[in-house]
Each structure stands twice: as structure tokens, then as C-alpha cells.
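# Examining the three-dimensional arrangement
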Amino acid sequence: MTWVKRPTMRQDEDGNVAPIPARDATTGTANPHHDPNPSLAATRRHVGRDSCAADRRQRAGPMTATPLAPDAAGRPGEDAGLGSAEAARRLAEVGPNLLAPAPRAALLRRLAMRFANPLVLVLLGAAAVAAATGDLASFVIIAAIVALSVALDVAHEHGAERAAERLRARVALTVNVLRDGKATSLPASRLVPGDVVLLGAGDLVPADGEVLAARDLFVNEALLTGESVPVEKHAGGAAGASADRLFMGSSIVTGSGRAVVRATGRRTQIGDIAATLRREPPPTAFAIGLGRYGLLIVRLTILLTFFVLLANLLFERPLLQSLLFALALAVGLTPELLPMVVTVTLAHGALRMSRKDVIVKRLGAIHDLGSMDVLCSDKTGTLTEAHIRLIRQVDPGGADSSSVLRLAYLNSAFETGLRSPLDEAVLEHGAIDITGWRKIDEVPFDFERRRVSVLVEHGGRRQLIVKGAPEDVLRLATQVQYEGDAAPRPLDGAAESLARRTFEDLGREGFRTLAVACREVEPDRDHARVDDETSLVFVGFAAFIDPPKESARLALQDLASLGVTVKVLTGDNEQVTQYVCRAIGLDVAGVLTGDQIAELSDEALLGRIESVSLFCRMKPAQKERIIRLLRRRGHVVGYLGDGINDAPSLHAADVGLSVDSAVDVAREAATMIMLRHELGAIVDGVREGRRTFANIMKYVMTGGSSNLGNMLSMAASVLLLPFLPMLPVQILLNNLLYDLSEMAIPADRVDDAMVARPPHWDMGLVWRFMLVFGLLSSVFDMLTFGLLWWGFGAGESLFQTGWFVESLATQALVILVIRTRGLPWRSRPHGLLVAAVAFVVVVAAVIPVTPLAPWFGFVALPSTMLLALAAMVAAYLIAVQLTKSWFLRFAARRA
């Protein structure tokens, strides 16, 4: 009796290829489909495939290989790989296998970039002017504040990026390589020339090399050649035929092989053109909006700065003091903290998502996930458990059939291509004695035909056995054979209708089906071709059950409550898909099949795409088309996939989601990797993306309105007052302390109402908010001016100290009001934010009575003035709360 070894790769109904994990993702128990071969268990993606390939060679002939003789010293040839010591020496010599190695002095460059900022250079120039004129105090204070501000900015951003890099490293590309004579898994960046790598379907080729051994090795080289048709690769022959080359960046479509690395990193073919191939993803609406916001503030600041400078000169105020005031004002009003806040907020979001089993590869994708309003996914493993069992084998009329099981078993047992979970279920159903059967040839599965054929021999008779999608197999049949028939019958209209009814009935009961057919061929036939898949005898159906995933029901409800529509893109038929959707509570708004989609123009499909939730019997290119059309409709689209042919769809989507057990091609194309194949992980990610967006918008709204209010107040003060409202060093200190109070925003809590709907950048809303609350801030500044000037008769130093305290207190405290849409005391802020705000307010109140006061030009404030300023601050915060309630109602009506 011949037994068939279980493979470690599987293929779903969409033609997607993915590894079989060692343990069940839900229960954590050992997966019975996983091959635990201890001798080749170094990596879950590559070694398992090689063990599968070895089993195929046993059944279907040897893998072609280049014979390599021992060298002069008697050591094995290069197909044995390198030793660890030699590999380390070569790595030190040639460097890491990266197209763009990470710079070693990144931190120093960040510092240099900050000091190269035009505004910082201008401020340092002002400090130099102060020193040249003998104003040593101003020089020391300006230089210290600039240095501290730059250091805080760089430290926070550097820490955030390092955290993001550590997360990306968790899902970095790994490769199976022979080291010290045994297979081991290493990061692809550590490959060196001379390494021998083991490759299987779904792998990215990690470096340029030559094929040492190959079995049905087909490679997609579209990245380099533009040709989408996979190319078969062969090893060199003993007669001197040269081995085929493999190139970094190409991907293995099917088959397996070994290759020796010849070039790595920028020495590869793709490395020569890497500069032209590297393209940043197109900016999102959020990134564009942030850029426009920053430019708006900068332009207004420059305009105001020149206005203030000109006004001071017209009033014949001291030139140096006027210049320093204008320069300090420019820095104080510019949102220089915005890039750091965005980076740190996104990094904090990435860390929180990692604790919920979602690894972010590109920080900007966090906002994209939060903005996602359409999620496209297949069915297997997402809506179902992906624990498939063969339940029934029936003839075309629905009667039980042993012939179907026997033929399906022979097809799955002798298939040397990638096995789907359906093949696994056939082999697991029950052992069938295939002693005496011999495989002659096969026509592997492909995504257009959706079937696989094997040519086998038994007792001198040769037979082609075909297994695949029922619609396609039935179309190729001309005869039908029912259980118990001695000979086939013609497949007339009645027989075909009966077979289709049986297929549809199985689908309505939730069964996934494969059709089985066969054909007798000549005894001397030694090959099988696609053209042979004609005039088949239709034998019946193998029916499988893949239970709906109970956890998907709650996740779908959560996604719906978050405003995310789920659309199913699957290669399965519509009956099975609708059954699964009904079982988990997913509303079926409409159904389109791949054949129907192929007949529709883009314009016609755009008109129907909104009303359809199930896209069935889809080919990979059709999935990508659906995603692109959804984006044309203005949707932010996410796509969840884990197979070879999911890569184009993952690239086409705004958010590409994959799982850690996916093939390399899919994992590299995705922007986020899920460590558990559950919709619940996406729900957590959506909430975190919206939380991140909300915190960034808190800074944008607060900073924008404060900056605009300060601009208007400064412009008015130079016209109304006989002196500067604040000294340059006071403005710089105010700016530094305000920045400190805002640095805790990335850690702040977010109200549930702020994550309930997909957020979108609205520059009009941002500008209206700035205008309304900036004017309100300026009104209270004017009231403070009147209180200090007329109420207390304050002189220059007392006035400047009083406005410094009031200005800083209002700017710091207003974030506690603006951060929530409701009443501030009903939304608890994060403790760090409260502590930061309280610290800044206390510093503002006490610094005028400390020994530092003379350095900044401060004087002690009378207690009555402090009480009056406190009342002014309280009145301002009440006014902001009332105005906020009105503004939100106004914005809701406009929406």
C-alpha cells in the first residue's frame, strides 16, 4: 500500500497559496495538516515546502540538478552552502542584502536637519546678533531654548521610528538557507554570495543567483521584464548547459528549487535600477491636508511677521528689539511640533496595535485603516474556520458514489503541484489502496482553468483524471456516468440540467464542491496537455464542509457599527457563499459572478458596485479591478489576502492586510500583518487608526486656533500699545512651555463618538474651526490687554508678565476642553496630559517670583492681578465650551 505524505502548503478556492501553520490559530492545538518533519523544520514557509518537494520527487521523478564535484581540498561543492564563519566574513565584506542600507548616523543627520531648518537658522542668527550687540542674556536664552526644543523633537521622533522599526523587524522577510550543512531560517538581509537558498511557491527571490535544482519551477519576473507570464527555470546539465538565473524581487509562482546566491543588495540587477524603481506610495488625503495646513500657517506667519516688523519700525522702536521680536514671533507661531506629534502619535498607535496582534509596516497606513469604509476579503479563514472536511461523494444525480472518492483520491495523491485544503480533506477522508497505480504526467492547476489533471496507469490502461471547478469541468464533458452504470451515457440536456441542480442543491446546503471527471486514453500516451481535457466523462461531485466562523458574526457587527462595509471577493460559487454569509449574519445586498463582471465595462460596473456585497467565482485580476473601481467611487478600501495572487490586490488597496502565515509575496505587498486570522483584529486596528487620527486632530485644532488668535493679537498689540506685548525671550519661553504641554497628546484617550465613523481630512472644517476659535482667543486677549492697561495701569514689564501668564494658561488649558466633543469633566483625559498641562500652568504662575525672572524680564504679579487673570482664563474656557457646542451643531448641519 502506498501512503501519501502531507504537504505543508495549501491553496484556497481563489487559487491563493499559503503555508499550513503548525498550530490552529483559534485553539492553539497542533494542526493535523502540518508536517512536523524535525529534520527540515527550520522555517514554516520554506523548509516545509522543500520537504513536500522531496516527496514529490519520490513519486514523480527526480529534481533536475547541477552536479557539483568536490573542490581540490575534498570539500563538498557549493550546493552544500556556506559555513557560519565564512558567511560572517562575507557579510562583513559585502554588507547586508539591502537595496538601500539603513544609514549608520541617522540620529546625527536628524539633528543636522533640524538645525538646517530655515526658521531655526534665522533664530540662531538672531542669537548671534544679540551676542554681537552685547545682549549676552538674550543670546544664552535663545540658544538654550532652541537646543532644548530641537533635542526634544529629535529624541521623540527617533524613539518613535526605532519602535516602528522593531515592529517591522517582527514581520521582515526571512529565507531558508543551507548553513553548516543544514537548513536554517535567516533574515534575507543576512544572505551573502555563495549561500544556497531553498525556494518554494509564494517565495520572493531574495537575491540574484543560479538554479542548482528545480522541480516545475515557474517564476514571475514582471518587476524586471514587464512580462506577466511566469517563466520556467531549469538547472544546468551535466553536458555543460548553463543554469538559469534568478533575480532579486521576482517571485516563485509554483514548484520548488535550490539556488546559489551570486549577488546581493545593490549589486543585483534590481539594485542597478533601484533608484528608479523606488516609489513612495501616493500621499493620502490626510497627508495632503496636513501639508496644506502647515503651509497655510507658515504663510500667515510670514505675512504677520513682516507686518509686525514694519509697524514697529514705523513707530520708531529699537531696531534690534523689533527684529528679535519678529523673528521670535515667527518661530513661536509656526507649528514646528506638528511633524513630531504626527510621528509619535502614529508610533504609539503602532505599538498599541502590536499588542492587539496587528503589526504595522508603514506608519501612515494606520490613518488609512482608520479611514477605511470598505473591507474586501475572501471567505476562507476569514468568514469560515478553514477546517475543511469531505462529507459526501455523489454522482451527477445526487446518489452516493464510491467512484468519485476513488478518482478524487488518485488525483490528489499524484498531484505534484500545490495542494489546496480540499485535496487535504480528500486524503484525510480515508486511505485508499493505490498500489499498482503509476503516474505518467500531469497538467498542473492554474488560475484560468481552475482544475488539475493527472495521467495515471493501472493494469496497462491509462486514464486522465480531472478535478476542479464544477462549472468548468462540466463544460468539458460529453458523457456522464452514474453510480452502478457499466458504461457512460451521453451528456444530453436533461443529464446536464440534473447535474447542475445537484451542484446547486449542494451549494444551498453550504457544501463546497469539486467536480470529478475522467477519460480513457491510448496505452502509449506519455504526456498530458490542456488540449486533452476534452470529451470527458462526468462522474460526480465531492462535497466539503467548511464551518462558518462564530467569531466573525460579532466582528461583522462591530465593523458595521464603525461604518465599514464588508464585501466578499471569492473564487467559490454564489450558493455556498450566500449560505456562509447567512450563517454569520452578513447581509447579502447583491451578487455578481466573475463571468458577469467580465461582460461589464468599467462604467457599467461602477454603477452596480455599490449595491453588490458578494463577488463570486472571481479571478485574481477581477479582484484588483473591483478594488480600483471602489476607490474611484471615493471609498477608502482595505483588502485582506494571504496568497500568491493576492499581491496585486494588496497593492491596489488603500490598506493591504495579510497574515503572518501568508506567502512572502503577500506579506511584502501588505502594509499591515495580522498575527491572528480574525476579523476582530481588523476591528481593533480600525479603532486604533481612528484614535490616532483624533489625537492628531486635537493638536491641529488647538494649535491652529491658538496660532491664529496669537497672530491677530500680536498685530493689534503693535498698533495699540506703546511697547512690545512680550519680549522676544518671553515669546520663545512661551512657545517651549506650550510645546511641552502638547507632547502628551499622542497618549490621550479618545471618546467613543470620535471613532464611530470613518474620519476624513476636511480642510474647510479645519479652517472654519481655526477662524472661529482664533477670533475667540483674540477677543479674550484684547480683554486681557484692557484689564492690564486700564484696570491695573500696568507698565511695560508688569503688562508683559501678566499677558505671558494669561496667554500660556489659556493655550495649555484649552486642550482639555477641545479634546472632547462633550463636557470636559465627562471625558477623562490621560494622566500624562493632565500632568503636562498642570506643570506648564504652574510654571507660568511661579516663574515671575523665581530667581530666573530677571533673565526673562518678568516681575512679580500682585495677588489681585493673579485672581483677575484666573477669572479671565475661566471665562475663556467657558466661552470655548459654549462655542464648541454651537460649532459642532453647525458642522453637523453642513455635513
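Conventions adopted
- Residues numbered from 1 in each chain as written.
- Predicted model: local features only at pLDDT ≥ 70, side-chain atom pairs only at ≥ 80, totals over all residues.
- Heavy atoms only, no water.
- Helix = DSSP H or I, 4+ residues; strand = E, 2+ residues; numbered from the N terminus.
- Buried < 20%, exposed > 50% of the residue type's maximum accessible area, 1.4 Å probe, protein only.
- Contact = heavy atoms within 4.5 Å.
- Areas by Shrake-Rupley, 256 points an atom, 1.4 Å probe, with all protein chains shown as cover.
- Pairing = 2+ DSSP bridges.
- Axes fitted to C-alpha atoms, helices over the stretch in contact; angles between N-to-C directions.
- Expected span 1.5 Å × (residues − 1).
- Arc of directions from axis to C-beta.
- Salt bridge = Lys/Arg side-chain N within 4 Å of Asp/Glu carboxyl O.
- Left-handed = near helix turned anticlockwise from the far one by under 90°.
- Nonpolar A, V, L, I, M, F, W, Y, C, P; charged D, E, K, R; others polar.
- Disulfide = S-S within 2.5 Å.
- Parallel < 35°, antiparallel > 145°, perpendicular 65-115°, else oblique.
- Phe/Tyr/Trp six-rings, centres within 6.5 Å; stacked < 30°, edge-to-face > 60°.
- Polar contact = N/O pair within 3.5 Å; in protein donor to acceptor, adjacent residues only side chain to side chain.
- pLDDT = per-residue confidence, 0-100.

### Points about the overall build of the chain
- For the chain, the count of helices and strands is 31 helices and 26 strands.
- Evaluated residue by residue, the chain yields a buried proportion of 56% over its 895 residues.
- Across the chain, every contact between residues at least 6 apart in sequence was considered, and the portion connecting residues at least 24 apart equals 74%.
- Of the accessible surface of the chain, which amounts to about 36400 Å², a share of 59% is contributed by carbon and sulfur atoms.

### With respect to the sheet that holds strand β25 (residues 655–659)
- Taking strand neighbours across the sheet as the criterion, the eight strands line up as β11-β26-β25-β24-β12-β21-β23-β22 in an open arrangement whose pairing is mixed. One side of each edge strand has no neighbouring strand; the edge strands of this open sheet are β11 (358–360) and β22 (591–593). Across the sheet, the mean angle from the axis of one strand to that of its neighbour is 20°, orientation sign disregarded.
- Strand direction decides the pairing type here: β11 and strand β26 (residues 672–674), joined by three bridges, are antiparallel. Bridge pairing in β26 places I359 opposite I673.
- Packed on one face of the sheet, helix α11 (residues 338–354) meets β11 and β26 and runs near 150° to β11.

### Examining helix α16 (residues 493–508)
- Here α16 spans 22 Å end to end across 16 residues, near enough to the 22 Å set by a 1.5 Å rise per residue.
- Of all the residues in α16, the buried ones are A495, A499, T502, F503, L506 and G507. In a view along the axis of α16, the buried residues occupy a sector of 135°, so they form one face of it.
- Count one or two residues on from α16 and you reach G510, which has phi positive near 90°.

### A closer look at the pattern of salt bridges
- Tallied over the entire structure, the rule returns 31 salt bridges.
- R508 is the salt-bridge partner of D505, the closest N and O atoms lying 2.6 Å from each other. Highlighted residues: D505 and R508, both in helix α16, separated by three residues, approximately one helical turn.
- For D505, a relative accessible area of 36% puts it in the partly exposed group.
- For the salt bridge of D532 with R525, the shortest nitrogen-to-oxygen distance reads 3.0 Å.
- Assessed through its relative accessible area of 7%, D532 is described here as buried.
- In this structure R525 comes out as buried when scored by relative accessible area, which is 12%.
- Connected via shared salt-bridge partners are R450, E471, D472, R475, E574 and R617.

### Here's the deal with the pairing of strand β17 (residues 477–480)
- Looking at chain direction, β17 and strand β20 (residues 536–545) are connected through three bridges and run parallel. When the bridges of β20 are listed, Q479 appears paired with V537.
- The pairing of β17 with strand β18 (residues 489–490) spans two bridges and is antiparallel. Bridge pairing links V480 to R489 in β18.

### Some thoughts on the packing of helix α26 (residues 763–791) against helix α27 (residues 796–813)
- α27 packs onto α26 with a crossing angle of 145° between their chain directions and a minimal axis gap of 10 Å. In this structure, the crossing between α26 and α27 has a hand that is right-handed. Within the contact between the two elements, α26 uses F780, D781, T784, F785, L788 and W789 and α27 uses F799, G802, W803 and E806.
- For the contact of α26 with α27, the residue count by class is six nonpolar, two polar and two charged.

### Observations concerning unusual backbone geometry
- With a phi angle near 50°, S535 is a residue other than glycine that sits in the positive phi range.
- Here S535 falls in the partly exposed class, since its relative accessible area comes to 41%.
- With a phi close to 50°, R617 is a non-glycine residue in the positive phi region.
- Following the sequence through the fold, R617 ends up in the loop between β23 (614–616) and α21 (620–632).

### Looking at the state of the cysteines
- For the coordinates displayed, the defined rule picks out zero disulfides.
- Looking at C616, it has no disulfide partner, and the nearest cysteine sulfur is the one in C581, 7.7 Å off.

### Here we look at α27
- Taking 1.5 Å as the rise per residue, α27 with 18 residues should run 26 Å; its terminal C-alpha atoms sit 26 Å apart, in good agreement.
- Judged by how many residues are buried, α27 sits mostly within the fold: 15 of 18 residues are covered.

### Some words on the side chain of Q575
- Positionally, Q575 belongs in helix α18 (residues 574–584).
- Q575 sits in the buried class, given a relative accessible area of 15%.
- Once residues lying within four places of it in the same chain are set aside, the contact partners of Q575 are E504, G507 and R508.

### Points about the packing of helix α24 (residues 679–720) against α27
- Axis separation between α24 and α27 bottoms out at 11 Å; the angle between their running directions is 155°. As summarised for this structure, α24 and α27 are arranged roughly antiparallel, according to the angle between their axes. The way α24 lies across α27 gives a crossing that is right-handed. Each of T702, S706, N710, S713 and M714 in α24 lies in contact with α27, whose residues at this interface are W803, S807 and Q811.
- The residue inventory of the contact of α24 with α27, partitioned by class, reads two nonpolar, six polar and no charged.

### A closer look at the packing of aromatic side chains
- Taken as a whole, this structure holds 14 aromatic pairs when the rule is applied.
- Residues F538 and F541 carry aromatic rings whose centres are separated by 5.2 Å and whose planes lie at 70° to one another, so their mutual orientation is edge-to-face. The burial state of F538 is the same as that of F541; both residues are buried.
- Consider the rings of F780 and Y876, whose centres lie 5.4 Å apart with planes at 70°: the pair is edge-to-face. Here the residue F780 occupies a position in helix α26, and Y876 occupies one in helix α31 (residues 863–894), the gap between them amounting to 96 residues. The burial state of F780 is the same as that of Y876; both residues are buried.
- Here the aromatic residues F723, F785, W789, F799 and W803 are joined through ring pairs into a cluster of three or more.

### Focus on the environment of L108
- Position of L108 relative to the elements: it lies in helix α3 (residues 106–115).
- For L108, a relative accessible area of 60% corresponds to the exposed category.
- Considering only alpha carbons, one finds L108 and V154, 46 residues apart in sequence, at a separation of 9.6 Å.

### Comments concerning the side chain of R819
- With respect to the helices and strands, the residue R819 is situated in the loop between α28 (815–818) and α29 (831–846).
- For R819, a relative accessible area of 2% translates into the label buried.
- At 3.0 Å, the side chain of R819 and the backbone oxygen of S827 are in polar contact.
- Those residues in contact with R819 that sit more than four places away from it in its chain are K698, D748, R749, M754, S827, R828, P829 and L833.

### Overview of the environment of H651
- Relative to the assigned elements, H651 resides in helix α22 (residues 647–652).
- Given a relative accessible area of 59%, H651 falls into the exposed group.
- Distance in space between the C-alpha atoms of H651 and T671 is 8.8 Å, their sequence separation being 20 residues.

### Thoughts on the confidence of the model for the chain
- With 80% of its residues at a pLDDT of 70 or more, the chain shows a mean pLDDT of 79.
- Segment residues 1–76: pLDDT under 50, and 203 contacts once partners within four positions in sequence are set aside and those in other chains are kept.

### Quick look at the environment of A214
- Tracing the chain through its elements places A214 in strand β7 (residues 208–220).
- Separated by 14 residues in the primary sequence, A214 and G200 have C-alpha atoms spaced 9.9 Å apart.

### Remarks on the pairing of β25
- In terms of burial, β25 is a largely internal element, five of the five residues being buried.
- Pairing between strand β24 (residues 637–640) and β25: three bridges, direction parallel. Its bridge partner being in β25, Y639 is matched across the sheet by G656.
- Pairing of β25 with β26 involves three bridges; the strand directions are parallel. Its bridge partner being in β26, S658 is matched across the sheet by I673.

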